[in-house]
Amino acid sequence: MVICRHHGESAGVIAGPPDPAWRCGGDPRICVDLSPDLPPGHEAGDLVCRFTLAPGEPRACVSPGPEGAPRVGQACAAQTECPEATACLSGHCLPPRAPAPTCWTSRDCGGGACRLGQCEEGAP
């Protein structure tokens, strides 16, 4: 999953409709892609990629952790098999369908936590 925040118009990009894989909303515009491109040689679940928030905001990809840890998009038969902030929907761990993303980081949530582009009150 990748969450991006829109800072301004991109230079050298042809205007057109957004990629249907992205869910976008909010002001500033926040977009979520639940199935982003991965570095060559990797498949879904091999890596967890995040933007580092450093100048230029490069993406850093690391191992997702212990084998068998719940992941967004994995197959499931019960809610207990899914990671926090997701639900077992149509046999896969997915975020509940929200109208549009509302946060980029937890700083956008006024004391709550940003999970999958949505603010959760009282979450650490």
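Our structure's up above, just so we're on the same page.
Reading the values: the criteria
Residues numbered from 1 in each chain as written. Predicted model: local features only at pLDDT ≥ 70, side-chain atom pairs only at ≥ 80, totals over all residues. Heavy atoms only, no water. Pairing = 2+ DSSP bridges. Helix = DSSP H or I, 4+ residues; strand = E, 2+ residues; numbered from the N terminus. Axes fitted to C-alpha atoms, helices over the stretch in contact; angles between N-to-C directions. Disulfide = S-S within 2.5 Å. Buried < 20%, exposed > 50% of the residue type's maximum accessible area, 1.4 Å probe, protein only.

Undergrad: What should I look at first to understand the sheet that holds strand β3 (residues 30-33) in this one?
TA: Across a sheet, strands are paired by hydrogen bonds formed along the backbone, either parallel or antiparallel in direction. Read across the sheet, three strands follow the order β1-β3-β2 without closing on themselves; strand pairing throughout is antiparallel. The strands lining the two open edges of the sheet, one partner per strand, are β1 (2-5) and β2 (22-25). Here the strands of the sheet are splayed against their neighbours by 15 degrees on average, with no regard to which way each runs. Note that β1 and β3 share four bridges and pair antiparallel. Bridged to V2 within β3 is D33.

Undergrad: Got a minute to help me understand the state of the cysteines in this structure?
TA: The term disulfide refers to a covalent linkage connecting the sulfur atoms of a pair of cysteines. All chains considered together, the criterion is met by five disulfides. Each disulfide pairs two cysteine sulfurs, and for C82 the partner residue is C93, the sulfurs being separated by 2.1 Å. In this structure the cystine formed by C82 and C93 twists about its S-S bond by roughly -80 degrees; its chirality is therefore left-handed. In this pair, C82 sits in the loop between β5 (59-62) and β6 (87-89) while C93 sits in strand β7 (residues 92-94), placing the two residues 11 residues apart along the sequence. As far as the burial class goes, C82 and C93 line up, both buried. The partner cysteine of C109 in its disulfide is C119, sulfur to sulfur 2.2 Å. Because the torsion about its S-S bond is -80 degrees, the bridge between C109 and C119 counts as left-handed. One end of the pair, C109, is in the loop between β7 and β8 (113-115); the other, C119, is in strand β9 (residues 118-120), and 10 residues separate them in sequence.

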